[in-house]
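Below are the chains, spelled out letter by letter.
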Amino acid sequence: CGHVDRSEEENFERTSERGPGEGGACSMASPAERSRLHEFVKDFAKCAIRGILCDVVDGGSGSVFSAFYSIDAPLSKLKLQRSAPQPHQESVYRELELGRIRDILDFEAAKHQLPEAVLR
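Residues numbered from 1 in each chain as written. Predicted model: local features only at pLDDT ≥ 70, side-chain atom pairs only at ≥ 80, totals over all residues. Heavy atoms only, no water.

### Digging into the nonpolar core
No. 1: Ranked by size, the top nonpolar core spans six residues in total: Cys54, Val56, Phe65, Ala67, Leu80 and Tyr93.
No. 2: Only β1 (52-57) and β2 (64-71) provide two or more residues apiece to this core.
No. 3: For Leu80, the contacting residues outside a window of four places in its chain are Cys54, Val56, Phe68, Tyr69, Ser91, Val92, Tyr93 and Arg94. (Core = buried A, V, L, I, M, F, W, Y, C linked by side-chain atoms within 4.5 Å. Buried < 20%, exposed > 50% of the residue type's maximum accessible area, 1.4 Å probe, protein only. Helix = DSSP H or I, 4+ residues; strand = E, 2+ residues; numbered from the N terminus. Contact = heavy atoms within 4.5 Å.)

Structure representation (structure tokens):
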């Protein structure tokens, strides 16, 4: 998402007032760094609400397909939706509750947990 419409600011502020919990790395950052991170997260969330093109690796087959990920307005669910579903496929590939995500790993850290089909 290369453009964030600043007119969305008011609507986003209302949906993000509950914000992340206290503590973490952000509490140790300087006020300027916290402000920069806050703007970065707001811009990301605004783009994600509209949907962002991505590639998805199917965990079972290892196949890669084009999709969009999006986050709902209350910032509670992440949806992966196929860009071009086949006639026998649902357009929604996965829908996840963000509050249930516990870990996010990069490829190297996750390698030992991935199915063989994905590693090919």
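### Considering the pattern of salt bridges
No. 1: Going through the model one piece at a time under the given rule, you end up with four salt bridges.
No. 2: We note a salt bridge from Arg36 to Glu33, for which the minimum N-O separation is 2.9 Å. Separated by three residues within a single helix, Arg36 and Glu33 lie in helix α2 (residues 31-50), roughly one turn from each other.
No. 3: In this structure Arg36 comes out as partly exposed when scored by relative accessible area, which is 47%.
No. 4: The partly exposed category is assigned to Glu33, whose relative accessible area is 29%.
No. 5: Between Lys77 and Glu95 there is a salt bridge whose closest N-O contact spans 3.7 Å. Taken together, the positions of Lys77 in strand β3 (residues 77-82) and Glu95 in strand β4 (residues 92-97) put the pair 18 residues apart, joining distant regions of the chain. (Salt bridge = Lys/Arg side-chain N within 4 Å of Asp/Glu carboxyl O.)

### Thoughts on the environment of Leu119
No. 1: Examined against the element boundaries, Leu119 turns out to sit in helix α4 (residues 116-119).
No. 2: We classify Leu119 as partly exposed; its relative accessible area is 34%.
No. 3: For Leu119 and Phe107, which are 12 residues apart along the polypeptide, the C-alpha to C-alpha distance reads 9.7 Å.
No. 4: If near-sequence neighbours (up to four positions away) are discounted, Leu119 is found in contact with Phe107, Lys111 and Leu114.

### Brief notes about the packing of aromatic side chains
The description of an aromatic ring pair rests on the distance of the ring centres and on the angle between the ring planes.
No. 1: Taken as a whole and assessed by the stated rule, the structure comprises two aromatic pairs.
No. 2: Arranged with centres 5.0 Å apart and planes meeting at 70°, the rings of Phe65 and Tyr93 form a pair that is edge-to-face. One end of the pair, Phe65, is in strand β2; the other, Tyr93, is in strand β4, and 28 residues separate them in sequence.
No. 3: Overall, the relative accessible area of 15% leaves Phe65 in the buried class.
No. 4: One cation-aromatic arrangement involves Arg82 over Phe65; the distance from NZ or CZ to the ring centre is 4.6 Å. (Phe/Tyr/Trp six-rings, centres within 6.5 Å; stacked < 30°, edge-to-face > 60°. Lys NZ or Arg CZ within 6 Å of the ring centre and 35° of its normal.)

### What to know about α2
No. 1: Counted at 1.5 Å a residue, the expected span for α2 with its 20 residues is 28 Å, and the 29 Å between its end C-alpha atoms agrees.
No. 2: Listing the buried residues of α2 in full gives Lys42, Ala45, Lys46, Cys47 and Ala48.
No. 3: Just past α2, the residue Gly51 takes up positive phi, approximately 110°. (Expected span 1.5 Å × (residues − 1).)

### Considerations on the environment of Ala67
No. 1: On the secondary structure map, Ala67 appears in strand β2.
No. 2: For the pair Ala67 and Ser83, spaced 16 residues apart in sequence, the C-alpha separation works out to 4.5 Å.

Any link to function would need more than the numbers given here.
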